[in-house]
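# Overview (structure and organization)
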Amino acid sequence: MKKILIYTGPRCAFCDFAKALLNSKQVSYQEIYIGDDPNKMEEMIKKANGMRTVPQIFIDGKHIGGNDKLQALEGEGKLNSLLGI
């Protein structure tokens, strides 16, 4: 199983959409909520090459991007192989 990491923030519908898609795939993921911890936000920005929006998604350490990219991968039929399912 691949290691999936998702940074999320407060009142974020795009975070909810991304998590719903991952949940529909029945894969486990680690969620890091940046809303209460500026250090976690800085960590995310560094890992995501300066991206400041949430969600930011990583699969096995590779930066995927946000919800739009995750949904696009699903639409292209590429997400399952990235997730290892």
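In this report, the structure presented in the accompanying data block is examined. Just so we're clear, the structure is a prediction, and the values are computed from it rather than from any experiment. (Residues numbered from 1 in each chain as written. Predicted model: local features only at pLDDT ≥ 70, side-chain atom pairs only at ≥ 80, totals over all residues. Heavy atoms only, no water.)

## Quick notes on the state of the cysteines
In a disulfide, the sulfur atoms of two cysteines are held together by a covalent bond. Basically, it comes down to this: Cysteine sulfur atoms are paired as a disulfide whenever they come within 2.5 Å of each other. The rule is simple: take the accessible area with a 1.4 Å probe, protein chains only, and divide by the maximum for that residue type; under 20% is buried, over 50% is exposed, in between is partly exposed.
Within the structure shown, the criterion is met by one disulfide. Disulfide pairing is shown between Cys12 and Cys15; the S-S distance is 2.3 Å. Linking Cys12 and Cys15, the disulfide has an S-S dihedral of approximately 80 degrees and is accordingly described as right-handed. Summarising the burial analysis for this pair, Cys12 and Cys15 share the class buried.

## Some points on the side chain of Gln56
We apply this condition: Helix and strand assignments follow DSSP, with helices taken as H or I runs no shorter than four residues and strands as E runs no shorter than two, numbered in order from the N terminus. Contacts described as polar in this section are N or O atom pairs within 3.5 Å, which, within protein, must combine one atom able to donate a hydrogen with one able to accept it, while residues neighboring in sequence count only if both atoms come from side chains.
Of note, Gln56 is situated in strand β3 (residues 56-59). Its relative accessible area of 1% is what places Gln56 among the buried residues. Here Thr53 takes part through its backbone oxygen, which lies 2.9 Å from a polar atom of the side chain of Gln56. In terms of polar contacts, Gln56 uses its side chain to reach the side chain of His63, at 2.5 Å.

## Here we look at the packing of helix α1 (residues 13-24) against helix α3 (residues 67-75)
Operational definition: The axes are straight lines fitted to the C-alpha atoms, using for helices just the contacting stretch, and the angles between their N-to-C directions are given from 0 to 180°. In a left-handed crossing the near helix is turned counterclockwise from the far helix by less than a right angle, and in a right-handed crossing that turn is clockwise. Only heavy atoms enter the contact rule, under which two residues are in contact if any of them lie within 4.5 Å. For this scheme, ten residues count as nonpolar: Ala, Val, Leu, Ile, Met, Phe, Trp, Tyr, Cys and Pro. Four count as charged, namely Asp, Glu, Lys and Arg, and the remainder, Gly too, count as polar.
It is the contact of α1 with α3, at a shortest axis distance of 9 Å, that shows an interaxial angle of 30 degrees. For the pair α1 and α3, the crossing hand works out as left-handed. Facing Phe14, Phe17, Ala18, Leu21 and Leu22 of α1, the residues of α3 in contact are Asn67, Leu70, Gln71 and Glu74. Of the residues in the contact of α1 with α3, the class split is six nonpolar, two polar and one charged.

## Notes on the pairing of β3
To be explicit about the condition: In this description, strands pair whenever DSSP reports at least two bridges between them.
Along β3, one buried face is formed by Gln56 and Phe58 and the opposite face, lined by Ile57 and Ile59, is buried too. Where strand β1 (residues 4-8) lies against β3, four bridges are found, and the strand directions are antiparallel. From the neighbouring strand, Ile4 faces β3, where its bridge partner is Ile59. Between β3 and strand β4 (residues 62-65), which pair antiparallel and follow one another directly, the connecting turn spans two residues, one of which, Asp60, has a positive phi of 50 degrees.

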